[in-house]
Amino acid sequence: MLSHLECSRDGSRHDADVVQGTSPLGAPLLARYDLERVAAAVEPAEIAGRAPDLWRYHELLPVRDPARVVTLGEGMTPLLDLPRHGARLGVPTLRMKDEGLVPTGSFKARGAAVGVSRAAELGVAGIAMPTNGNAGAAWAAYAARAGIRALIAMPVDAPVITRRECVATGAELSLVDGLIGDAGALIKAAVAERDGYQDTSTLREPYRIEGKKTMGYEIVEQLGWRAPDVILYPTGGGVGIIAIHKALLEMRELGWLRGDLPRLVAVQASGCAPIVDAFVAGADESVAPPDPHTVAFGITVPKALGDFLVLDAVRSTGGTAVAVTDDELLAAQAALARDEGTWVCPEGAACFAAVEQLRESGWLTGDEDVVVLNTGSGLLYPDTVSIDDVPVLPAPR
Ligand SMILES: *Cc1c(COP(=O)(O)O)cnc(C)c1O
């Protein structure tokens with residue numbers, strides 16, 4: 001029940017039924033729905049009986065014709081209790097929303113499923129985007145599923161598996177000797193030369209947020225239509241945290257969620273932490289750090305277009321922003337895998353390191369209901385674990 005698009009800076013209205021990029025101010029466009037009609041048409045109890053994927057919230061998604069939905073079964077990932085790891089960190093009610101189980105192995109599949117579905121519904125012939133790897137892999141997969149073309153550019157240092165995923169699903173792939181911003185410049189030039197291609201760079205098209213916001217709906221639904229006290233999110237471009245905030249506000253307006261919103265925590269790696277720096281400085285926008293680097297490749301975003309929206313999500317919910325070192329996040333990844341048998345991506349691991357830090361500083365008292373977003377599978381980053389010490393024995397006779 002999509003109504004229109006709204007500029008995230010000045011609130012101006014824009015047509016949702018033509019292909020759109022950013023607003024005239026160059027800001028992200030946010031999808032708005034007729035929430036009164038949604039509230040009259042469906043209630044939470046009815047959603048419980050629907051198929052276990054993100055399209056269960058279709059009244060709050062932008063695809064108009066159900067026949068145009070492009071899906072690989074994404075969504076409704078587990079919200080796991082982590083009793084042993086929670087006890088170790090002094091946060092007994094610690095849970096993880098595990099996005100390692102979605103198609104392509106990262107939560108980027110949510111944004112891609114909804115973004116590609118809507119692009120194809122609006123007649124786009126091909127999508128084009130720069131990526132740090134996971135988004136490109138996901139959009140390439142869904143473009144193949146939709147029968148449209150994909151042009152992807154990524155830094156040559158991006159995780160190798162994501163390069164293979166793009167090639168496997170038939171995308172046109174370029175590697176750039178540089179950072180994601182350099183890949184973006186390449187894509188911009190290519191889109192200007194081609195007919196029918198849409199630039200689907202982060203927050204330069206409106207519907208990726210819509211796919212990612214379903215993580216917020218699911219957490220609340222899985223807790224019995226109740227919000228946790230704190231949600232931690234590994235923040236790169238910030239789409240996920242902006243989207244979860246949007247979902248929470250929508251659910252409150254629908255009357256599906258009551259009371260205070262959870263405190264939202266943006267987690268970054270200390271090698272690239274512009275949002276944390278801006279939060280600490282009390283600034284409304286971020287400044288790109290000079291030499292961005294971290295093993296958590298998905299959150300290496302020096303300057304996010306939606307930085308002001310991330311800072312608003314954090315501040316307006318009474319949350320915070322914290323940075324952790326690569327050593328800390330790799331140690332957290334290893335400890336969690338041993339405690340609970342779940343091998344998370346370095347980005348997700350950063351949030352567990354942040355829980356430890358926030359518990360030590362007293363920001364978390366240990367009484368809170370805490371949800372960590374693990375945005376992808378450890379399987380995408382095999383090199384984060386060394387196997388050099390594993391002995392090779394002669395076969396017994
Ligand atoms: C892209 C990515 C992130 C950051 O996502 P944003 O929503 O853009 O902040 C975090 N983790 C992984 C694994 C990613 O691929």
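Procedures and definitions
Counting restarts for each chain, with residues numbered from 1 along the sequence as it is written. Local features in this predicted model are restricted to residues of pLDDT 70 or higher, and side-chain atom pairs are both shown and tallied only at a pLDDT of 80 or more, whereas totals for entire chains, interfaces and linings draw on every residue. As a rule here, side-chain values cover all heavy atoms of the structure and leave hydrogens and water aside. Note on definitions. A residue lies near a molecule or strand when any single heavy atom of the residue is within 4 Å of it. In the analysis that follows, any N or O atom pair within 3.5 Å is treated as a polar contact, provided that within protein one partner can donate a hydrogen and the other can accept it, and provided that, for residues neighboring in sequence, both atoms belong to side chains. Only the protein chains shown count as covering a residue, and every accessible area follows the Shrake-Rupley method with a 1.4 Å probe. Numbering of helices and strands starts at the N terminus; helices are DSSP runs of H or I of at least 4 residues and strands are runs of E of at least 2. Gly falls in the polar group here, along with every residue not listed as nonpolar (Ala, Val, Leu, Ile, Met, Phe, Trp, Tyr, Cys, Pro) or charged (Asp, Glu, Lys, Arg). Buried residues are those whose accessible area, probed at 1.4 Å on protein chains only, stays under 20% of the maximum for their type, while exposed residues exceed 50% and partly exposed ones sit between those limits. In this analysis, two residues are considered to be in contact whenever any of their non-hydrogen atoms come within 4.5 Å of each other. A strand pair is defined by DSSP finding two or more bridges across the two strands. Only C-alpha atoms enter the line fits that serve as axes; for helices the fit covers just the stretch in contact. Angles between N-to-C directions range over 0 to 180 degrees. These descriptions rest on fixed angle ranges, namely under 35 degrees for roughly parallel, over 145 for roughly antiparallel, 65 to 115 for roughly perpendicular, and the rest for oblique. A clockwise turn of the near helix away from the far one marks a right-handed crossing, whereas an anticlockwise turn of less than a right angle marks a left-handed crossing. The directions from the helix axis to the C-beta atoms form the arc being described. The patch calculation keeps residues exceeding 30% relative accessible area without a salt bridge and links them within 9 Å when they carry like charges or within 5 Å when they are nonpolar (Val, Leu, Ile, Met, Phe, Trp, Tyr). Salt bridges are defined by distance alone: a side-chain nitrogen of Lys or Arg within 4 Å of a carboxyl oxygen of Asp or Glu. Here Asp and Glu are counted as negative and Lys and Arg as positive; His is not counted, and neither are the chain ends. Where a charge sits is defined by one atom per residue type, namely NZ (Lys), CZ (Arg), CG (Asp) or CD (Glu).

Please clarify how the site of the ligand should be interpreted in this entry.
By nearness alone, 17 residues border the ligand, and Lys108, Tyr233, Gly236, Gly238 and Thr375 come closest of all. A distance of 2.8 Å separates an oxygen atom of the ligand from a polar atom in the side chain of lysine 108. Separating a nitrogen atom of the ligand from a side-chain N or O atom of threonine 375 is a distance of 2.7 Å. With the chains in place, 96% of the 380 Å² that the ligand exposes on its own is no longer accessible. Within the residue set of the shell around the ligand, elements represented by two or more residues are strand S10 (230-234) and helix H9 (239-254). Counted by class, the shell around the ligand contains 6 nonpolar, 8 polar and 3 charged residues.

Please explain the side chain of glutamate 121 as it appears in this structure.
Of note, glutamate 121 is situated in helix H4 (residues 108-121). Classification of glutamate 121 as buried rests on a relative accessible area of 16%. Not counting residues up to four positions away in its chain, the partners in contact with glutamate 121 are Pro62, Val63, Arg64, Asp65 and Arg68.

Any chance you could explain the sheet that holds strand S9 (residues 197-199) here in plain terms?
Each strand in a sheet pairs with its neighbour through backbone hydrogen bonds, running either in the same direction (parallel) or in the opposite one (antiparallel). The strand order S8-S7-S6-S9 describes an open sheet built from 4 strands, whose pairing is parallel. At either end of the open sheet lies a strand with only one pairing partner, and these are strand S8 (172-176) and S9. Each adjacent strand pair in this sheet contributes to an overall mean axis angle of 15 degrees, direction not counted. By the bridge criterion, 5 bridges tie strand S6 (residues 126-130) to strand S7 (residues 149-155) in an arrangement that is parallel. The residue bridging isoleucine 127 from the neighbouring strand is alanine 150, located in S7.

Hey, could you run me through the packing of helix H8 (residues 208-222) against H9 in this one?
The description of two packed helices rests on the angle between their axes and on the distance between the axes. Contact geometry of H8 with H9 gives a least axis separation of 7 Å together with a crossing angle of 60 degrees. By the criterion of interaxial angle, the relationship of H8 to H9 is oblique. The crossing of H8 and H9 is right-handed. The residues of H9 that touch H8, namely those facing Arg208, Ile209, Glu210, Lys212, Lys213, Met215, Gly216, Tyr217 and Val220, are Val239, Gly240, Ile242, Ala243, Ile244, Lys246, Ala247, Leu248, Glu250 and Met251. Among the residues forming the contact of H8 with H9, the class breakdown is 11 nonpolar, 2 polar and 6 charged.

Help me understand helix H6 (residues 160-168) in this model?
Side chains of residues three or four places apart in an α-helix project in the same direction, reflecting 3.6 residues per turn. Taken as a whole, H6 has its buried residues at Thr162, Glu165 and Cys166. Take H6 and look down its axis: the buried residues cluster within an arc of 100 degrees, on one side only. Exposed side chains of H6 directed beyond 90 degrees from the buried face belong to Arg164, Val167 and Ala168. The elements touched by buried residues of H6 are helix H5 (134-146), S7 and S8. Glycine 170 sits one or two positions beyond H6 and adopts a positive phi of about 85 degrees.

Whenever I open this one, a negative patch on the surface confuses me. Can you help?
A cluster of acidic residues, Asp327, Glu328, Glu356 and Glu360, forms a negative patch at the surface. Here glutamate 328 lies in helix H12 (residues 326-340). Residue class for glutamate 328 comes out partly exposed when judged on its relative accessible area of 39%.

Would you mind going over the pattern of salt bridges with me for this structure?
Close approach of charged atoms allows side chains of opposite charge to pair. Under the definition given, this model contains 25 salt bridges. Residue glutamate 46 pairs with arginine 50 through a salt bridge whose shortest N-O separation is 3.3 Å. Put simply, aspartate 81 and arginine 95 hold a salt bridge, and the shortest N to O gap is 3.3 Å. Here aspartate 81 is found in strand S4 (residues 79-81), whereas its partner arginine 95 is found in strand S5 (residues 94-98), with 14 residues between them in sequence. Looking at arginine 95, the relative accessible area reads 16%, which means it is buried. Among the ionic contacts, a cluster of salt bridges with common partners joins Arg9, Glu285, Lys303 and Asp307.

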